[in-house]
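Residue-level structural notes
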Amino acid sequence: MVSENPFDQFRQECQTALSNALKKTLPEIKQPTITLNKTPNIEYGQLASSLCFELAKKLNQKPRTLAEHLVDAIDRSNFNLIESVVAAGAGYINFHVNFAKFSALTLESIRKLKGNYGFVKTSTPTKIIVEHTSVNPLHPIHIGQARNPMLGDALARILEARGHKVSRHYYIDDVGRQSSVVAYGYAKLGKPKPTEKADLFVGKIYTVTCCLVEINRLKKARELAIAVNSADDLVKTNKEIDEWMSIAAELKEKYPVLFEALMAKISEDENPEEEINRLNRAYEDGEPEAKGLIREVSELCLAGFRETMQRVGVSYDSWDWESDFVWSTQVSEVLSRLKASPFVFSEKGVLEFDAEKVANLLGLKGKLGLSEDNEVPPLTLVRADGTTLYTTRDIAYTLWKFRFAQKVINVIGMEQSLAQLQLKISLYALGYPEWADNLVHFAYNLVTLPGYKMSSRRGHYITFDQVLDEAVARAYEEVSKRSPMLSEEEKRKIADFVGLGAVRYALVDVDSGKPVVFTWERVLNFETNSAPYVQYTHARACSILRKAAREPQAPGFGLLTEKLERELVLSLAGFPDTFVEATEYLKPNMIADYANALADKFNTFYNALPVIKADSQELSDARIALTEAIKIVMANALNLIGVVAPEKM
RNA sequence: GGAUCCAUAGCUCAGCACGGAUAGAGCGCCAGCCUUCUAAGCUGGAAGUCAAGGGUUCAAAUCCCUUUGGAUCCGCCA
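Analysis parameters
Residues numbered from 1 in each chain as written. Chains lettered and ligands numbered in written order. Predicted model: local features only at pLDDT ≥ 70, side-chain atom pairs only at ≥ 80, totals over all residues. Heavy atoms only, no water. Helix = DSSP H or I, 4+ residues; strand = E, 2+ residues; numbered from the N terminus. Buried < 20%, exposed > 50% of the residue type's maximum accessible area, 1.4 Å probe, protein only. Areas by Shrake-Rupley, 256 points an atom, 1.4 Å probe, with all protein chains shown as cover. Lys, Arg positive; Asp, Glu negative; His and termini not counted. Charge placed at Lys NZ, Arg CZ, Asp CG, Glu CD. Phe/Tyr/Trp six-rings, centres within 6.5 Å; stacked < 30°, edge-to-face > 60°. Lys NZ or Arg CZ within 6 Å of the ring centre and 35° of its normal. Domains from an automatic or database assignment. Pairing = 2+ DSSP bridges. Axes fitted to C-alpha atoms, helices over the stretch in contact; angles between N-to-C directions. Contact = heavy atoms within 4.5 Å. Near = heavy atom within 4 Å. Polar contact = N/O pair within 3.5 Å; in protein donor to acceptor, adjacent residues only side chain to side chain.

**A short note on the overall build of chain A**
Across its full length, chain A holds 25 helices and 14 strands. Overall, chain A is about 95 × 70 × 45 Å in size when its C-alpha atoms are taken along their principal axes. Split into buried and exposed, the 649 residues of chain A put 55% on the buried side. Accessible surface, chain A as shown: approximately 29200 Å² in total, 50% of it carbon and sulfur. Across chain A, the mean location of the 78 positive side-chain charges is 3 Å away from that of the 85 negative side-chain charges.

**Here we look at the packing of aromatic side chains**
All told, the structure shown has 21 aromatic pairs when counted by the stated rule. Note on Phe-325 and Trp-400: the rings are 5.4 Å apart at their centroids and 80° apart in plane angle, and the pair reads as edge-to-face. Here the residue Phe-325 occupies a position in helix H12 (residues 322–327), and Trp-400 occupies one in helix H15 (residues 390–401), the gap between them amounting to 75 residues. Using a relative accessible area of 3% as the deciding quantity, one classes Phe-325 as buried. Centre to centre, the rings of Phe-518 and Trp-520 are 5.3 Å apart; their planes meet at 80°, and the pair counts as edge-to-face. Exposure remark for Phe-518: the relative accessible area of 4% places this residue in the buried category. Pairwise contacts between aromatic rings join Tyr-171, Phe-325, Tyr-390, Tyr-397, Trp-400 and Phe-404 into one cluster. Above the plane of the ring of Trp-327 lies Lys-291, whose end atom (NZ or CZ) is 4.3 Å from the centre.

**Some thoughts on the domain arrangement of chain A**
Looking at the assigned domains, one finds that chain A contains domain 1 (6–97), domain 2 (127–174 + 318–448), domain 3 (177–311) and domain 4 (475–640). Each of domain 3 and domain 4 has a C-alpha centre, and the two are 48 Å apart.

**Here we look at the sheet that holds strand S11 (residues 407–413)**
The strand order across the open sheet built from five strands is S7-S6-S5-S11-S12, with neighbouring strands paired in parallel fashion. Edge positions in the open sheet fall to strand S7 (318–321) and strand S12 (439–444), since each of these has one partner strand only. Ignoring strand direction, the axes of neighbouring strands in this sheet form an average angle of 25°. The sheet strands contacting helix H5 (residues 143–161) are strand S5 (127–131), strand S6 (165–172), S11 and S12, and the helix crosses S6 at an angle near 160°. Taken strand by strand, H15 contacts S5, S6, S7, S11 and S12, and its axis lies near 155° from that of S6.

**Observations concerning the protein's contact with RNA strand B**
In the neighbourhood of RNA strand B, 66 residues make up the surrounding shell, with Lys-57, Asp-173, Ser-543, Glu-581 and Tyr-585 lying closest. Within 4 Å of the protein, atoms of RNA strand B come from sugar and phosphate in 60% of cases. Tyr-536 places a side-chain nitrogen or oxygen 2.5 Å from a sugar or linking oxygen of RNA strand B. One of the backbone N or O atoms of Tyr-606 is found 2.6 Å from a base nitrogen in RNA strand B.

Here is the structure:
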């Protein structure tokens, strides 16, 4: 017999049994929906109902008495997995599972389903686009941004395992001043070939160009302030100049050659600021030269990103250029449709979208979880100079995405909550309520460095590559220390998946709504509650199975009577539940927590009870089967968060 | 000022969506365990007014209200 969700099977039996008993003893009352809770302790059974507390008041009886009556009325002869039902405490009804049968069902199911165990398929498979990463192609992905792809990829993986058709999209934000800044610097240098990892190379050009252009601009502003005799402006500008000058000094020391070269080239231009704006407009207009230039730098940077993401096992199905939406008619079409709606108004030559009016008129506030007096600020769609803004283009992009998917999940930082809300409201305004309903902003909080303000414009950041390198290096040291006899090649291989796994795990482990403070200590943790811990435990289980060197012939599942063994079986049986919950509520961290908890229990078991040298062959066979099941489930869980489950380490 | 999210052991965090029995881990600290299946491990110990106050309920870390403290947003940036 195979069950894809053994624990749920037990739960169904208990629910039916209790429901039958209720109908029999209390036919006069309306049948309540029966929910069963996990018990705090295995001694209380595996599932409990607190129904009697609710009924007691209505029926004017003591909960305990009621519980006893119901327990008496329960007929469990038709139920395979229920061992006993008892009234407990002040009025709980506790269900005990028949462990002999339950262990057999659970372990055999896992051993049969193997890599598919736990991945309960949805009854409504959906085409889903998960948009994640979408780091601007200006500089390397830094640690503050790296949480995004780790969460996004884990989400894509769990949704796929759930049976959805998932497409991973990367939105390339190449429209906007920053892209022109980096392209300007790149062109000034004569479009040099990268002498190092491409995104790192582009990042340096961006930072130095930014700094030089900014100083140039500020100096002009200072002249103006002097000319109009504005003391306030002068003080403010001087302060900013001082700040940027110190950054310039820093950059000059770090990259002397690049700095000098750019400085010489940029000073040739009377007004670099104006050059950049011209380039920006030319790009939006789709002029071939600007197109070629900006696409070239962006592609360069993206090649670096691809390299980094490949290391951690993240890939994309579609790379969507923001500029494509500007050059095609899609953005202007959206605009004209919005203009035709009653929700757009013009103010001082600026086009504004009245999200508040939409929300009120269509009665969206309750639906969107907003209180009635929460006023949604308007969204600027078009600037006075006629150019569009980021969110405006995002509306066109979102409409495009819904041509290919029924559901769109945007993995975007929490700080963009308002923009994402306005985007959603715009879909209602355009007459796509189903799309709006199926647009999900998966908001996550930032990664911060203690005592350090990350700023990509100023080149203050720790790159994701640096973190990965450091993690692998640390892992290599650990492997060398712990397993000095391994070959160099083996050590490198292990260090690689351990280091990368540790980083992935650390970035998905925390609830996505909470900020993560980055410390090396947190990411390079190889002890309990880390990927290496789970990986090590997996390898340990594999090692036992290798040493046992046999298939269990006649496992005596009924002999698994130790509390530790039973808790393990329960954990394994509950994996499908955890998976479904993690998928439905988009909580990849639940998977990491589950894997860690399972590893924890297995290690305790490992230290307390012998597998191969158990008292009898039947018991040994049962424990081998248990170990194998644990190995399978641990690997399945690790796969979901993109962490390698090694045979050896 | 308005909005959103958050507050649980010295530190980092689970648990909260759907209220249920003594609130769980890890780090750090203290004391132990490698001639037995991988010590990246295990065992034991100390450590909590679940931010404060009120309310709802048979039952509140969990739901509601108020207060305090923190993060983020409220741009013709992205």
